[in-house]
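# Tertiary structure, described
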Amino acid sequence: MPASTINLDDRYYPPLEVKVDAQDAGKEVRTVLERRLGVSRKLLSQVKLTEHGLTVNELRAYTSAKVAEGDVIRLRMEREESDDILPENIPFQIVFEDESLLIVNKPAGMIVHPTHGHYTGTLANAVVYHWKSLGERVRFRPIHRLDEETSGLVAIAKTGYVHQQISEQLQAGEVDKRYRAYVYGSPVPSSGVVNEPIDRDSDRPHLRVVRPDGYPSITHYETAEIFGAEQEGVGAAACIKLKLETGRTHQIRVHMRHLGCPLIGDKLYGPDEGGIERWEQAVGRQALHAETLSFVHPLTKQRMVWHAPLPPELIQLEAVLRGKS
């Protein structure tokens, strides 16, 4: 039955659509979709199994079918839900949302996805509740994650295609992720690149360390402000702006410690002698915030930029470091 004669909204997400031009005339459907939309073979293999997953002029088609100029190819992904995630009415800040993408400003103290021992209270629980309250059937697909005690921007795909497209941008280094950190001391030089491999600590596998046989890890940093702290007896503290070129677990925290400037409030990678209590109490967690995120929207093809303002605890920390509180 032609798709145009029935309502597909309940079963499928809005279709991806390509109108065949003269350049693509005579080519196979799979070739056109790969060239025009960057659709992966894996996604194609999934959608072609459903009745209306892959159509040409609203008639079911094989990926090997040849198309003519003017033909309209539509690719439909079946709606999915995260049935294994318990919906919970937990407030969270939405920075941006459309039919295919959700950007949130995650607070510190919240885990992104349920893990062993943490099945509730996560960002996933909150987002699933949000979608269900709107009547949306969407599977929770975070494109990247933040540590529990790191605040800031997290991108969540609402379809498999969007997840694939942004993940490929991540792999290609085309996603711009920028962070702000507050550290003990100040790095020398004041700006530069830390290109040091990271892997698990052999003796403490829950920790990461710089080691020669680790995975390539690159962090760009720039000192934004130095706070005088001679009265504390430890030199200075600093606000550091960072850009990740790779995305290893705990990368910023490990690299800043490697520079001799561990994050204030970091319980795993903080100063060996212990931190300054006033500073630690002011922030109450590791002083790291994902403040800017930018990538090309997979559907509009426009580069978008999102910002997350400093949360209250980091504003409080700045005031303490400046001697204003």
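Our structure's up above, just so we're on the same page.
Residues numbered from 1 in each chain as written. Predicted model: local features only at pLDDT ≥ 70, side-chain atom pairs only at ≥ 80, totals over all residues. Heavy atoms only, no water.

The next point concerns the sheet that holds strand E4 (residues 72-75). Sheet architecture is open: 4 strands sit in the order E1-E4-E2-E3, paired in antiparallel fashion. Each of the sheet's edge strands pairs with one partner strand only, and the pair in question is strand E1 (16-19) and strand E3 (59-60). Sheet topology places strand E2 (residues 54-56) next to E3; 2 bridges connect them, and they run antiparallel. The residue of E3 that forms the bridge with Val56 is Leu59. Lying on the sheet, helix H1 (residues 29-37) is in contact with E1, E2 and E4; it crosses E1 at an angle near 105°. (Pairing = 2+ DSSP bridges. Helix = DSSP H or I, 4+ residues; strand = E, 2+ residues; numbered from the N terminus. Contact = heavy atoms within 4.5 Å. Axes fitted to C-alpha atoms, helices over the stretch in contact; angles between N-to-C directions.)

Those residues of H1 that fall on the buried side of the exposure criterion are Val29, Val32, Leu33 and Leu37. Projected onto a plane normal to the axis of H1, the buried residues spread over an arc of 95° and lie on a single side. Packed against the buried residues of H1 are E1, helix H2 (41-47), E2, E4 and helix H4 (160-171). Gly38 occupies a position one or two residues after H1 and carries a positive phi of about 70°. (Buried < 20%, exposed > 50% of the residue type's maximum accessible area, 1.4 Å probe, protein only. Arc of directions from axis to C-beta.)

Attention now goes to the packing of aromatic side chains. Evaluation of the coordinates by the stated rule reveals 4 aromatic pairs. Chaining the aromatic ring pairs together yields one cluster made of Phe96, Phe295 and Trp306. (Phe/Tyr/Trp six-rings, centres within 6.5 Å; stacked < 30°, edge-to-face > 60°.)

Helix H3 (residues 123-133) sits mainly inside the fold: 8 of its 11 residues count as buried. Leu123, Ala124, Asn125, Ala126, Val127, Val128, His130 and Trp131 are the residues of H3 that are buried. Residues of H3 that are buried make contact with strand E5 (93-97), strand E6 (101-106) and strand E8 (151-157). A side-chain oxygen of the first residue of H3 lies 3.3 Å from the backbone nitrogen of Ala124; this N-cap is Thr122. Immediately beyond the C-terminal end of H3, within one or two residues, lies Gly135, with a positive phi of roughly 80°. (Polar contact = N/O pair within 3.5 Å; in protein donor to acceptor, adjacent residues only side chain to side chain.)

Bringing the side chain of Arg253 into the picture now. As for its placement among the helices and strands, Arg253 is situated in helix H5 (residues 251-258). With relative accessibility at 6%, the residue Arg253 sits in the buried group. At 2.8 Å, the side chain of Arg253 forms a polar contact with the side chain of Asp266.

To continue, consider unusual backbone geometry. Cis geometry marks the peptide bond from Val188 to Pro189, where omega comes out at 0°. Within the secondary structure, Pro189 is located in the loop between strand E9 (176-184) and strand E10 (191-195). Even without being glycine, Glu58 reaches a positive phi, approximately 65°. A relative accessible area of 13% places Glu58 in the buried class.

Inspection of every chain in the model, using the stated rule, returns 27 salt bridges. Between Lys27 and Asp24 there is a salt bridge, with its nearest N and O atoms 3.6 Å apart. With a relative accessible area of 27%, Lys27 lands in the partly exposed category. A relative accessible area of 0% places Asp24 in the buried class. With a shortest N-O distance of 2.2 Å, Arg41 and Glu34 are connected by a salt bridge. Sharing partners across several salt bridges, the network here consists of Asp21, Asp24, Lys27, Arg35 and Arg36. (Salt bridge = Lys/Arg side-chain N within 4 Å of Asp/Glu carboxyl O.)

Burial analysis of E8 places 7 of its 7 residues in the buried class, the great majority of the element. Across 6 bridges, the pairing between E6 and E8 is antiparallel. In the strand pairing of E8, Leu101 is matched with Ala157. Pairing of strand E7 (residues 141-142) with E8 involves 2 bridges; the strand directions are antiparallel. Pairing of Arg141 across the sheet is with Ala157, part of E8.

It is worth spelling out the environment of Gly228 at this point. Positionally, Gly228 belongs in strand E13 (residues 218-228). A residue is classified by how much of its surface remains accessible, and Gly228, at 44% relative accessible area, is partly exposed. Separated by 10 residues in the primary sequence, Gly228 and Ala238 have C-alpha atoms spaced 8.7 Å apart.

Topologically, Thr292 is positioned in strand E15 (residues 288-296). The exposure class assigned to Thr292 is buried, which follows from its relative accessible area of 15%. For Thr292, the contacting residues outside a window of four places in its chain are Leu153, Asp176, Lys177, Arg178, Val305, Trp306 and His307.

Function cannot be read off these values alone, since they describe shape.
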